[in-house]
Amino acid sequence: MAEIKGDCGALIAPSILAADFARLGEDVRDVCERGIDYLHIDVMDGAFVPNISFGSAVMKSLNGIATVPYDVHLMVEEPIRYIGDFLTDNTEFITVHQEACKDLRGTLRAIHDLGVKAGVSIKPNTAPEVLDEYLAEIDLILVMSVEPGFGGQKFMDNSLPKISYFRDKREELGFGYLIEVDGGIGSANANLVIEAGVDIIVAGSAVFKAADRTAEIRGIKGIEG
Ligand code: DX5
Ligand code: ZN
């Protein structure tokens, strides 16, 4: 999958969780003009994770503003109930948690039936092998590098061997999924996940709170200079 990364180390998906919600449209327009690849949409239900963020209406309010596709991360119990709400012309990935689905295979099928790509995320204490039997049906694997629920947490380096596990499996068995990592990443540590083999880096606080967002985005993507 290295070809999709072009001349950078990884693609970037800024999480709007760290944006200024009173100026969400302006913040999204701003980062879209600075060379990002996806917008990461963190949806939290107060049940699967101990926090409530926002729902599909907030995401849809950005439809006329965002110029990159949505990468939707559902931190929601039994997300199959809500996936249809997140379908828009901008939606490229809908990602659910392995730990939140009674029927993961059926949930992946329901996402594909909507005509979008299906992602699966695993929490820091979930072993990568739990996804072995689903790898052929997954378009995106999202490795959590913090406990899901909050932005601004410290990066957990037990994510690194998991990223490499999925990279090696893909190479060995010829799967087509992309690998994404989420939580506690900025330009100071992005090289670690790039070296482990990630394709897409989620970054919330590091991008939206940066004094120079363009420099931070380029730093996270591993663009020299
Ligand atoms: C955590 C979310 C992340 C997080 C990223 O539950 O899924 O996307 O907000 O934010 P930072 O980059 O601030 O850790
Ligand atoms: Zn996320």
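Before reading further, recall that the structure is shown in the block above.
So, a few notes on the structure that sits alongside this text.

Cut-offs applied
Residues numbered from 1 in each chain as written. Chains lettered and ligands numbered in written order. Predicted model: local features only at pLDDT ≥ 70, side-chain atom pairs only at ≥ 80, totals over all residues. Heavy atoms only, no water. Donors = N, O, S within 2.8 Å, 3.2 Å for Na, K, Ca; no water. Tetrahedral: all angles 85-135°; square planar, octahedral: opposite > 155°, others 65-115°. Helix = DSSP H or I, 4+ residues; strand = E, 2+ residues; numbered from the N terminus. Buried < 20%, exposed > 50% of the residue type's maximum accessible area, 1.4 Å probe, protein only. Pairing = 2+ DSSP bridges. Axes fitted to C-alpha atoms, helices over the stretch in contact; angles between N-to-C directions. Contact = heavy atoms within 4.5 Å. 1 Å grid on protein atoms, 1.4 Å probe; cavity = no way out; pocket = protein on both sides within 12 Å on 5 of 7 lines; lining within 4 Å. Points joined across faces, edges and corners; volume = space filled by probe spheres on them. Arc of directions from axis to C-beta. Polar contact = N/O pair within 3.5 Å; in protein donor to acceptor, adjacent residues only side chain to side chain. Near = heavy atom within 4 Å. Sits in = over half its atoms within 2 Å of the grid points. Nonpolar A, V, L, I, M, F, W, Y, C, P; charged D, E, K, R; others polar. Salt bridge = Lys/Arg side-chain N within 4 Å of Asp/Glu carboxyl O.

**Side note on the coordination of the zinc ion (ligand 2)**
Taken together, H40 (NE2), D42 (OD), H73 (ND1) and D182 (OD) make up the full set of protein donors to the zinc ion (ligand 2), lying 2.0 to 2.3 Å away. In this structure, the zinc ion (ligand 2) is surrounded by six donor atoms whose angles at the metal cover 65 to 167°, and the resulting shape is octahedral. Counting the intervening residues between successive donors of the zinc ion (ligand 2) yields the motif H-x1-D-x30-H-x108-D. Of the two residues, H40 sits in strand β2 (residues 39-44) while H73 sits in strand β3 (residues 70-75), which places them 33 residues apart along the sequence. For the pair shown, H40 and H73 are each scored as buried.

**A word on the sheet that holds strand β6 (residues 140-144)**
Strand order in the open sheet made by the eight strands is β1-β8-β7-β6-β5-β4-β3-β2, with parallel pairing throughout. Strands at the two margins of the open sheet, each flanked by one partner only, are β1 (11-14) and β2. On average, adjacent strands in this sheet sit at an angle of 25° to one another, irrespective of strand direction. Note that strand β4 (residues 91-97) and strand β5 (residues 117-122) share five bridges and pair parallel. Residue pairing in the sheet places T95 in a bridge with G119 of β5.

**Notes on helix α3 (residues 104-113)**
The α-helix winds at 3.6 residues per turn, so residues separated by three or four positions along the chain end up facing the same way. Among all positions in α3, only L104, G106, T107, L108 and I111 are buried. Buried residues belonging to α3 abut β4 and β5. Phi for G115, located one or two positions after α3, is positive at around 90°.

**Quick notes on the layout of surface pockets**
Here the largest pocket defines a volume of roughly 310 Å³. Taken together, 25 residues line the largest pocket, and the ones lying closest to its centre are G151, G152, G183, G184 and G204. At the level of elements, β2, β3, β8 (200-203) and α6 (205-208) are the ones that each hand at least two residues to the lining of the largest pocket.

**Quick word on helix α7 (residues 213-221)**
Along α7, the residues that are buried comprise R213, E216, I217, I220 and K221. The buried residues of α7 all sit within an arc of 130° when viewed along its axis, so they share a single face. One side-chain oxygen at the N-terminal end of α7 lies 3.2 Å from the backbone nitrogen of T214; it belongs to D212. A positive backbone phi angle near 75° is found at G222, which sits one or two residues after α7.

**As for the environment of I94**
With respect to the helices, strands and loops of the structure, I94 is situated in strand β4. A sequence separation of 80 residues divides I94 from G174, and the C-alpha atoms of the two residues are 22 Å apart. If near-sequence neighbours (up to four positions away) are discounted, I94 is found in contact with V72, L74, I83, F86, I111, L114, V116, K117, A118 and G119.

**Considerations on the site of ligand 1**
Neighbouring residues of ligand 1: 20 residues in total, closest D42, G149, D182, G204 and S205. The contact in question runs from an oxygen atom of ligand 1 to an N or O atom on the side chain of D42, over 2.6 Å. In this structure, H73 approaches ligand 1 through a side-chain N or O atom, which is 3.3 Å from an oxygen atom. In this structure, ligand 1 is accommodated by the largest pocket. The set of elements that each furnish at least two residues to the shell around ligand 1 consists of β2, β3 and β8. Considering each element in turn, the shell around ligand 1 owes the most residues, three residues, to β2. Of the residues in the shell around ligand 1, the class split is eight nonpolar, ten polar and two charged.

**Regarding the pattern of salt bridges**
In the structure shown here, the tally under the stated rule is twelve salt bridges. A salt bridge links E92 to K117; the nearest nitrogen and oxygen atoms lie 2.9 Å apart. Here E92, found in strand β4, pairs with K117, found in strand β5; they are 25 residues apart in sequence, far enough to count as distant. With a relative accessible area of 37%, K117 lands in the partly exposed category. Among the ionic contacts, a cluster of salt bridges with common partners joins D27, D30, R34 and R213.

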